[in-house]
Amino acid sequence: MVEVTIEDGKLEGVKVKTVTDDCEYYSFKGIPYAEPPIGKLRFLEAQPVKPWTGTRKATEHGPICPQFDVFANEKKTGSEDCLYLNVYSPDISPKTLLPVMVFIHGGGLKCGSGNDDHYGPDFLVSHGVILVTINYRLDVFGFLCLDTKKVPGNAGFKDQVLALKWVKKNIRTFGGDPNNITVFGESAGGLSTSFHVLSPLSKGLFQRAIVMSGSPFCFWAQSFEPRKRAFVLGKQLGLETEDADKLLEFLQSVPVENLENTKPYILISEQQGDFTKFYPFTAVVEKELGQAAFISKDPEEIVKSGKINNVDVIIGYTSNEMVLTLLDSNIIPRYQLYDELYVPRKILYNSTTSKILQIADKIKKNYGIPNAEGNVLVQRTVKFLSDFIMTYDIQKLLTLLANSGKIKTYFYQFSSESERNVIGKLGEKFEITGTSHIDDLMYLFYANKYKIPLIKGTKSYNMAHQFCTLFTNFAKYGNPTPDGSMGVKWPEYDTKNKSYLDIDEELTSGTALHEDVIQFWQEIYNFAGVPY
């Protein structure tokens, strides 16, 4: 056992070996960073944790937040008292303070946690960095918006800000440098990370960011008519009112289980939603009501105004993101039934039905979907979904940040394939290759859920070592290839050269990745007469 003292009290952790037996590290799990957001604090901005007396055991994870796992299609038992984080340090008394990496988990802002079932620290801590993983409120608990000062939306993001403040204040005790913090996240965690680059509330809390497979411009990222949706939820649960205060009081009294995985649809098309299309409670542009807003302007407007946090950024995605859709055998058949599913939500909201059907035809023809059958249909639909859900919207973020002239940006595609590609394997029976959404995480973290060993000298060990080295170099030096040791220079991204690094068994640099995809989707928006 090992004991440390932070501002809030004493913590007892443990010293353990990495699964690869590369090094030992100190593990402190289940550290509260906020007061439990329960009772009259449900849906409200979280408050910093109150100090405790005595020594608090930090050997087990705290509870996960209430949630419905969209990938496993099941409810997970959680608790509203879930605002905990985990700290893993290779050295709690180093000669020189260590770089810190704070990871934000994905799950559509609807599910997930920072626990080691998916995010074990073993691979990263052996590279001489401290890893922090966090929980934050999910779904309606974290993203209800009533357009009031009390509940303006984005409470889950403000949880993340509070966790970052905790890290800044306390990480020195664990051997970490409070002035060298990198925030990174994947999917909804990538979305979260990109918002921290834009949010005034996150200013000064970190120096670098790594945005993996997410963007504020992804159509699943921002809520449509969030206030109206909240009142529909109230009606579904038994209260019809137009009074936001009454609605808040009512929703604070509803049992937790009645608030999990609700479906407050406000458009009939939303009923065709699945994890590729629809999440009811997500990010909002907050109304300025006298509160400290996380985001109060459209993300594009924020970047173009130059009012972003001055941090260096890596942005990227995997080579075939939406192999993930094969988790649900109903998704591709559903796309075959309804043409409007092929059309971006922004166009659906701003166009006529006949125009929407014309646009769907153009999109389907571009991807060779009409008359395709069997494996070919699945392959082409997965390619379409990867571009539609990720590629175009992530590159939009990349372009805007690069054009801001304020920060250094790097761009990558992750293409590594091995037995660690737990989602990508779903593509084998359809003869689909490429690295899926989530697969890249298996090279950064040891997932206790899968317990896939990482054996020195193997191809997958080398790929994991390489990926961790790139990201931890960035955390340490602000440059993922600071010297010649990686055998390649990862060039900075600018909108003239459009350089990127392909991260596979061999590292290769290239230019203008998916340029044809970007041009096609720009043509679609132009045809629709909808600004993108």
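Residues numbered from 1 in each chain as written. Predicted model: local features only at pLDDT ≥ 70, side-chain atom pairs only at ≥ 80, totals over all residues. Heavy atoms only, no water.

Under an unreviewed UniProt entry, the protein chain has the name Carboxylic ester hydrolase and belongs to Pieris rapae. Of the protein chain, the UniProt comment under Sequence similarities (unreviewed entry) reads exactly: "Belongs to the type-B carboxylesterase/lipase family." (UniProt positions renumbered as here; feature names shortened; annotations may be inferred.)

**Re the state of the cysteines**
According to the stated counting rule, one finds one disulfide in the structure shown. Residue cysteine 65 pairs covalently with cysteine 82 via a disulfide, S to S 2.1 Å. Here the S-S torsion is close to 90°, and the disulfide linking cysteine 65 with cysteine 82 is therefore right-handed. Of this pair, cysteine 65 sits in the loop between strand E4 (55-57) and strand E5 (67-69) while cysteine 82 sits in the loop between strand E6 (74-76) and strand E7 (84-89), and the two are 17 residues apart along the sequence. Look at cysteine 65 and you get buried, because its relative accessible area is 2%. Assessed through its relative accessible area of 0%, cysteine 82 is described here as buried. Cysteine 65 provides the cysteine sulfur closest to cysteine 145, a residue in no disulfide bond, and the two sulfurs are 19 Å apart. The thiol of cysteine 218 is unpaired, and the distance to the nearest cysteine sulfur, on cysteine 111, comes to 16 Å. Given a relative accessible area of 2%, cysteine 218 falls into the buried group. (Disulfide = S-S within 2.5 Å. Helix = DSSP H or I, 4+ residues; strand = E, 2+ residues; numbered from the N terminus. Buried < 20%, exposed > 50% of the residue type's maximum accessible area, 1.4 Å probe, protein only.)

**A word on unusual backbone geometry**
Of note, the phi angle at asparagine 73 is positive, near 60°, even though the residue is not glycine. Positionally, asparagine 73 belongs in the loop between E5 and E6. Relative accessible area serves as the criterion here: at 58%, asparagine 73 is assigned to the exposed category. Not every positive phi belongs to a glycine, and asparagine 261 is a case in point at roughly 55°. Within the element layout of this structure, asparagine 261 appears in the loop between helix H7 (256-259) and helix H8 (299-305).

**Comments concerning the pattern of salt bridges**
Inspection of the entire model under this criterion finds 22 salt bridges. With a shortest N-O distance of 3.4 Å, lysine 15 and glutamate 24 are connected by a salt bridge. Classification of lysine 15 by relative accessible area gives partly exposed; the value is 45%. The partner of lysine 304 in a salt bridge is glutamate 300, with the nearest N and O atoms 2.7 Å apart. Of this pair, lysine 304 and glutamate 300 both sit in helix H8, four residues apart, roughly one helical turn. Taking the relative accessible area as the measure of exposure, lysine 304 reaches 59% and is therefore exposed. Exposure remark for glutamate 300: the relative accessible area of 15% places this residue in the buried category. It is possible to trace a salt-bridge network through shared partners that takes in Glu300, Lys304 and Lys396. (Salt bridge = Lys/Arg side-chain N within 4 Å of Asp/Glu carboxyl O.)

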